[in-house]
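Survey of secondary and tertiary structure
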Amino acid sequence: MTIAAKFGGTSLADGSRIRHACNIMKADPERRFMIVSAPGKRYADDEKVTDLLYRIYEEKDSREDLLDHVFERFAGIVQELGIDFDLAEERREIEKTLAEGCAVDAIVSRGEYLSAKITAAYMGWPFVDAANLIRFRENGRLEEALTYRTARGELEEYEYAVIPGFYGSGPNGVIRVFSRGGSDVTGAIVARAVEASVYENWTDVTGIMSADPRVIENPHAVRYISYRELRELSYMGASVLHEDAVFPLKNTGIPIRVCNTMDPEKEGTWIVAKYPVDRGSHPVTGIAGKKGFSNLQIEMAMMNSQIGFGARILEIIASHGISYEHTPTSIDIMSVIADTKAMDPHRNELIMEIDQEFHPDRVFIEDNMSLIAVVGEGISANVGVAARVLQSIAEAGINVRMIDAGCSELNIIIGVNDSDYEKTIRALYKGLYEFL
Ligand code: ASP
């Protein structure tokens with residue numbers, strides 16, 4: 001059996017944390033592939049190495065000082081780990097790359113690169129460069145089939161290895177990175193390539209919470225969550241794993257276990273393709289939400305009899321490059337809900353275009369809407385969840401602006417005023433508590 005284990009930046013922020021992560025790796029001989037992030041924050045207002053590297057690229061005048069800063073951090077790590085490691089040579093390489101006028105990815109990837117090289121030296125394990133495993137297309141998208149094939153072929157050669165997260169290479173070998181937090185995706189790709197029995201994702205929280213701990217004090221930890229539920233919750237603002245981390249594993253059945261480096265004995269959360277357990281009376285897995293949506297509303301008598309009306313409205317929205325979230329409709333009203341930041345710059349044109357083309361009774365945009373999702377595979381199979389959701393909100397005296405029971409029957413989405421956001425989450429959590 002093989003375990004691929006990814007460690008996040010907070011778990012690798014200094015020498016003693018790296019040593020602790022390495023002890024976790026060594027505690028189970030099945031943990032054969034270690035995927036690492038760049039050192040993260042050691043304390044609340046510390047800077048992540050990756051953020052410093054972005055600054056090195058952007059703030060040309062402070063380059064030397066910032067490089068000093070990054071290399072002081074790595075020097076501290078090397079010293080704490082008590083290993084021999086030639087950092088001066090690594091710095092010369094980065095300076096050379098910068099002088100050649102490289103792209104930003106070549107620099108920001110160096111946090112993971114050095115983190116992995118140092119960790120490999122400490123572990124006495126081989127370092128395998130992600131540039132040789134993960135392949136991007138010219139347009140920055142992952143070249144999936146080639147990546148899995150290459151990674152499988154390369155990693156077959158190793159019994160153990162440390163692999164840097166976050167980056168790979170594009171055509172002509174240029175370094176390309178995933179979006180921020182992308183080491184989670186690297187971990188998933190490695191897990192798939194080596195046909196791991198589990199992908200462990202080691203972080204600084206005890207798994208996934210059923211609600212945002214900034215709003216709900218000590219929310220329940222989620223023991224099992226399906227890929228689909230995780231996707232819904234992440235999309236709605238729960239920050240757990242990188243959005244794309246599930247895709248490589250989706251059709252493999254490899255579970256992801258989110259565990260806490262500070263509390264390694266805890267079970268954490270299992271992200272699974274299908275529930276391996278009878279969930280009993282647990283229809284709801286989590287609650288998540290986001291503020292800052294706008295509702296474009298069109299009211300027009302006999303709207304329902306106009307074939308192609310909805311399609312044309314969505315075409316107008318698309319022609320402005322706006323991606324919408326929901327389109328609740330009733331007989332004579334159609335709403336299109338989108339992020340305010342996306343809708344705002346086009347506000348007047350949208351209203352004008354719709355007005356000119358359809359002469360509706362009313363067309364307007366309302367802002368300050370929050371969307372809150374109650375997510376659970378069990379929602380469809382359990383009678384009364386929607387009733388309880390609405391009852392909980394009503395009892396708290398909150399006015400519901402929109403309800404959308406997702407067609408997947410995986411979620412119920414409620415739109416409320418931004419000012420009611422926290423209150424709604426608290427009311428829902430309380431109301432659904434016995435289900436969780
Ligand atoms: N170090 C990168 C970031 O901060 C990638 C990662 O940690 O996953 O975004």
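For the structure itself, look to the data block above.
Residues numbered from 1 in each chain as written. Predicted model: local features only at pLDDT ≥ 70, side-chain atom pairs only at ≥ 80, totals over all residues. Heavy atoms only, no water.

1. Brief notes about the overall build of the chain
Each helix and strand in the chain was counted, giving 14 helices and 15 strands. Here the C-alpha radius of gyration of the chain, 24 Å, is about what a compact globule of 436 residues would show, namely 22 Å. Overall size of the chain, expressed as C-alpha extent along the three principal axes, is 75 × 50 × 40 Å. The buried share of the chain, taken over its 436 residues, is 52%. Across the chain, contacts joining residues at least 24 apart in sequence account for 74% of those joining residues at least 6 apart. Carbon and sulfur atoms provide 47% of the accessible area of the chain, an area that totals close to 20000 Å². If you average the places of the 46 positive and of the 67 negative side-chain charges in the chain, the two averages end up 3 Å apart. (Helix = DSSP H or I, 4+ residues; strand = E, 2+ residues; numbered from the N terminus. Rg over C-alpha atoms; globule rule 2.2 N^0.38 Å. Buried < 20%, exposed > 50% of the residue type's maximum accessible area, 1.4 Å probe, protein only. Contact = heavy atoms within 4.5 Å. Areas by Shrake-Rupley, 256 points an atom, 1.4 Å probe, with all protein chains shown as cover. Lys, Arg positive; Asp, Glu negative; His and termini not counted. Charge placed at Lys NZ, Arg CZ, Asp CG, Glu CD.)

2. Topic: the sheet that holds strand E8 (residues 256-260)
Within the open sheet, the 7 strands sit side by side as E3-E2-E1-E6-E8-E9-E7. Their pairing is mixed. Edge positions in the sheet fall to strand E3 (161-164) and strand E7 (224-226), since each of these pairs with one other strand and no more. In this sheet, neighbouring strand axes are inclined to one another by 25° on average, regardless of whether the strands run parallel or antiparallel. Sheet contacts for helix H9 (residues 227-235): E7 and strand E9 (269-272); angle to E7, the most-contacted strand, approximately 85°. (Pairing = 2+ DSSP bridges. Axes fitted to C-alpha atoms, helices over the stretch in contact; angles between N-to-C directions.)

3. Structural notes on the pairing of strand E15 (residues 411-417)
By the criterion of burial, E15 is predominantly enclosed, with 6 of the 7 residues buried. Where strand E13 (residues 362-375) and E15 come together, 7 bridges link them in antiparallel fashion. Pairing of Ala-373 across the sheet is with Ile-413, part of E15. Looking at chain direction, strand E14 (residues 402-405) and E15 are connected through 4 bridges and run antiparallel. Opposite Met-402, over in E15, you have Gly-415 as the bridge partner.

4. Points about the site of the ligand
Within the structure, the ligand sits among Ser-37, Thr-50, Glu-112, Phe-166, Arg-180, Gly-181, Gly-182 and Ser-183. Glu-112 places a polar side-chain atom, nitrogen or oxygen, 2.6 Å from a nitrogen atom of the ligand. One nitrogen or oxygen atom from the main chain of Gly-181 is found 2.8 Å from an oxygen atom belonging to the ligand. Coverage of the ligand by the protein amounts to 91% of the 260 Å² it exposes when considered alone. Judged by the fraction of its atoms near the pocket grid, the ligand is located in the largest pocket. Looking at the shell around the ligand residue by residue, the class counts come to 1 nonpolar, 5 polar and 2 charged. (Near = heavy atom within 4 Å. Polar contact = N/O pair within 3.5 Å; in protein donor to acceptor, adjacent residues only side chain to side chain. 1 Å grid on protein atoms, 1.4 Å probe; cavity = no way out; pocket = protein on both sides within 12 Å on 5 of 7 lines; lining within 4 Å. Sits in = over half its atoms within 2 Å of the grid points. Nonpolar A, V, L, I, M, F, W, Y, C, P; charged D, E, K, R; others polar.)

5. Some thoughts on the side chain of Asp-46
The topology assignment puts Asp-46 in the loop between strand E2 (31-36) and helix H2 (49-58). For Asp-46, a relative accessible area of 7% translates into the label buried. A polar side-chain atom of Asp-46 sits 2.7 Å from a polar atom in the side chain of Arg-42. Asp-46 has contacts with Gly-40, Lys-41 and Arg-73, leaving out every residue within four places of it along the chain.

6. A short note on the sheet that holds E14
Strand order across the open sheet formed by 6 strands is E11-E12-E10-E13-E15-E14, with antiparallel pairing between neighbours. Here the strands that pair on one side only, and so sit at the sheet edges, are strand E11 (324-326) and E14. On average, each strand axis in the sheet is inclined to that of its neighbour by 35°, with strand direction left out of account. Here 2 bridges tie E11 to strand E12 (residues 333-339), and the two strands are oriented antiparallel to one another. In the sheet register, Tyr-324 faces E12, and the bridge partner there is Ala-338. Of the strands in this sheet, strand E10 (286-299), E11 and E12 touch helix H10 (residues 309-319), which is tilted by about 25° from E12. On the sheet, helix H13 (residues 385-395) packs against E13, E14 and E15 and is oriented at approximately 15° with respect to E15.

7. Here's the deal with unusual backbone geometry
Positive phi values are uncommon outside glycine, yet Asn-172 reaches one of about 65°. Structurally, Asn-172 is set in the loop between strand E4 (167-169) and strand E5 (175-177).

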